[in-house]
Every structure is written in structure tokens, then in C-alpha cells.
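Summary of structural features
So you can see what is in the structure, the chains are spelled out below.
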Amino acid sequence: MIEIVELPELVCIGYEIEADWQDLAVLMPELWQRLFAADTGATSFLEVSSEPAAGRFRELVGFLAAGSTEIPDGMTKLVLPAGRYLRLNHEGPLSDIASGFRRLYGHAAAAGLKTGDLKIDFGYTPGLTDTRHELHVALEQQPLLLG
């Protein structure tokens with residue numbers, strides 16, 4: 001079931017890259033291995049994705065943290081503002097996550113909702129096992145209509 005949810009400000013810490021689409025298939029597994037090998041104390045991980053330019057993607061693989069959490073060497077802190085998101089729970093193989101995001105974008109288009117370029121995928125575990133994921137697509141703020 002697809003629903004609209006409000007998420008609070010989120011503090012994410014992890015490794016970030018910017019790359020062309022065709023390079024992500026090689027770079028992302030390496031980034032995940034690097035994250036899982038780091039001594040962060042985290043047990044649940046996420047991926048944050050945006051498209052800062054056509055054909056290029058900014059990806060952060062990391063974990064949720066408190067604002068005061070010390071940033072490990074080589075990692076970066078990304079603060080996502082509070083906002084509205086479309087959410088879909090994904091059960092199944094990791095390889096089907098892209099189709100879940102396509103469903104979210106299709107739902108937004110059919111409902112006349114404008115999406116932002118931010119996507120969040122909660123639910124990664126060491127070894128990249130097929131676990132339950134929560135997929136989120138940011139919605140643009142709607143103007144306040146007075147009437």
C-alpha cells in the first residue's frame with residue numbers, strides 16, 4: 001500500500017558519491033562493503049539518493065544518527081529536512097527495489113502529486129540480505145491555498 005507520510009528532520013551519516021548511472025552498478029557494492037566494514041555500531045542502514053544533474057546521481061549509504069554524533073573519518077553528514085513523502089513497504093529481493101520506486105513515481109503521477117528528486121530506502125543490513133525495506137520518495141511542498 002502506498003501512503004503519504006510526514007518524516008521529521010533526519011540526520012544521516014555515511015559514505016557519499018556522485019556518479020553517472022552506468023557507473024553505480026560497480027561503485028555502490030564497493031561503497032556498501034566499505035560501510036559495513038566501518039566500526040559505526042549501527043545495525044540498520046539506509047541509502048539516500050538524489051539526481052543533482054541529468055544522468056548523474058548522488059548516493060549516500062549510511063545510518064540514521066543523532067545530530068551530535070561524531071562523524072567517522074571519511075564519512076559525511078547529510079541532514080534531510082522534515083517533509084512529506086510517498087512510502088511503500090517492499091518485501092522481496094533487493095533487485096526488485098527499483099520497481100518499487102517506479103510504483104511510487106507512477107502513483108504520484110496518477111494522483112497529480114509533484115515529486116522532488118530525493119529518495120530514501122531504509123532497511124539494509126550487512127551482507128545486503130533480502131529484508132523488508134521502506135521506500136520513500138519526497139513530495140514537493142504544495143502551496144497553501146486560501147479560499
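Description of the structure in this document. Sequence order as written defines residue numbering, which begins from 1 separately in each chain. Whole-chain, interface and lining totals are the exception, using all residues; otherwise, since this is a predicted model, local features are given only for residues with pLDDT of at least 70 and side-chain atom pairs are given and counted only at 80 or more. Remark: hydrogens and water are excluded; side-chain values derive from all non-hydrogen atoms of the structure.

1. Things to note about the pattern of salt bridges
The salt bridge definition used is simple: a Lys or Arg side-chain nitrogen within 4 Å of an Asp or Glu carboxyl oxygen. Under the counting rule described, the total for this entry stands at seven salt bridges. A salt bridge links Glu-18 to Arg-56; its shortest N-O distance comes to 3.4 Å. Taken together, the residues Glu-18 in strand β2 (residues 10–20) and Arg-56 in strand β4 (residues 56–64) connect sequence positions 38 residues apart. Exposure remark for Glu-18: the relative accessible area of 36% places this residue in the partly exposed category. Its relative accessible area of 28% is what places Arg-56 among the partly exposed residues. Put simply, DSSP marks the helices as runs of H or I at least four residues long and the strands as runs of E at least two long, and each gets a number from the N terminus on. Accessible area is worked out with a 1.4 Å probe on protein chains only. A residue is then buried under 20% of its type maximum, exposed over 50%, and partly exposed in between.

2. Concerning helix α2 (residues 97–111)
Counted at 1.5 Å a residue, the expected span for α2 with its 15 residues is 21 Å, and the 21 Å between its end C-alpha atoms agrees. Residues count as neighbours in contact if any of their non-hydrogen atoms are within 4.5 Å of one another. In the core, the buried residues of α2 are packed alongside β6 (83–90), β7 (115–124) and β8 (133–139). Phi for Gly-112, located one or two positions after α2, is positive at around 75 degrees. One less than the residue count of a helix, multiplied by 1.5 Å, gives the span that helix is expected to have.

3. Section: the layout of surface pockets
Here the largest pocket defines a volume of roughly 810 Å³. Put simply, the grid is 1 Å and covers the protein atoms alone, a cavity is a trapped set of points that fit a 1.4 Å probe, a pocket is an open set with protein on both sides within 12 Å along at least five of seven lines, and lining residues have an atom within 4 Å of a point. Trp-21, Glu-47, Glu-59, Ala-98 and Lys-119 are, among the 25 residues lining the largest pocket, the residues nearest its centre. Contributions of two or more residues to the lining of the largest pocket are made by α1 (21–37), β3 (45–53), β4, α2 and β7. Counting residues per element, the lining of the largest pocket draws most heavily on α1, which supplies six residues. Each residue receives one of three labels: charged for Asp, Glu, Lys and Arg, nonpolar for Ala, Val, Leu, Ile, Met, Phe, Trp, Tyr, Cys and Pro, and polar for the others, Gly being one of them. Residues that form the lining of the largest pocket fall into these classes: 15 nonpolar, three polar and seven charged. The volume enclosed by the second largest pocket comes to roughly 200 Å³. Around the second largest pocket sit Glu-6, Pro-81, Ala-82, Gly-83, Arg-84, Tyr-85, Leu-118, Ala-138, Leu-139, Glu-140 and Gln-141, which together line it. Of all the secondary structure elements, the ones that give two or more residues to the lining of the second largest pocket are β6 and β8. Class assignment for the residues of the lining of the second largest pocket results in six nonpolar, two polar and three charged. Grid points are joined across faces, edges and corners, and a volume is the space filled by probe spheres set on the points.

4. Concerning the sheet that holds β8
In space, the eight strands of this open sheet follow the order β1-β6-β8-β7-β3-β4-β2-β5, with antiparallel pairing throughout. The open sheet has two free edges, formed respectively by β1 (3–7) and β5 (76–80), since each of these has just one partner strand. When strand polarity is set aside, the average angle formed by the axes of neighbouring strands in this sheet is 35 degrees. In the sheet, β2 pairs with β5 via five bridges, with the strands oriented antiparallel. Residue pairing across strands places Gly-14 opposite Thr-76, the latter belonging to β5. Where α1 meets the sheet, it contacts β2, β3, β4 and β7, and its direction lies at approximately 145 degrees from that of β2. Lying over the sheet, α2 contacts β6, β7 and β8, oriented at roughly 35 degrees with respect to β8. Two strands pair if DSSP finds at least two bridges between them. Interaxial angle, 0 to 180 degrees, is taken between N-to-C directions of lines fitted to C-alpha atoms, where a helix line uses only the stretch in contact.

5. Some points on the side chain of His-90
Within the secondary structure, His-90 sits in strand β6. For His-90, a relative accessible area of 8% puts it in the buried group. Looking at His-90, its side chain comes within polar contact range of the main-chain oxygen of Pro-93, at 3.0 Å. Every residue in contact with His-90, bar those within four places of it in the chain, is listed here: Asp-96, Ile-97, Thr-131, Arg-132, His-133 and Leu-135. Polar contact is the term for a pair of N or O atoms within 3.5 Å; when the atoms are in protein, one must be able to donate a hydrogen and the other to accept it, and sequence-neighboring residues count only if both atoms are side-chain atoms.

6. Quick notes on α1
Helix length check: α1, at 17 residues, gives a terminal C-alpha distance of 25 Å against a target of 24 Å (1.5 Å per residue), a fit within 8%. Restricting attention to buried positions, one finds in α1 the residues Leu-24, Met-28, Leu-31, Trp-32 and Leu-35. Looking at the packing, one finds that the buried side of α1 touches β2, β3, β4 and β7.

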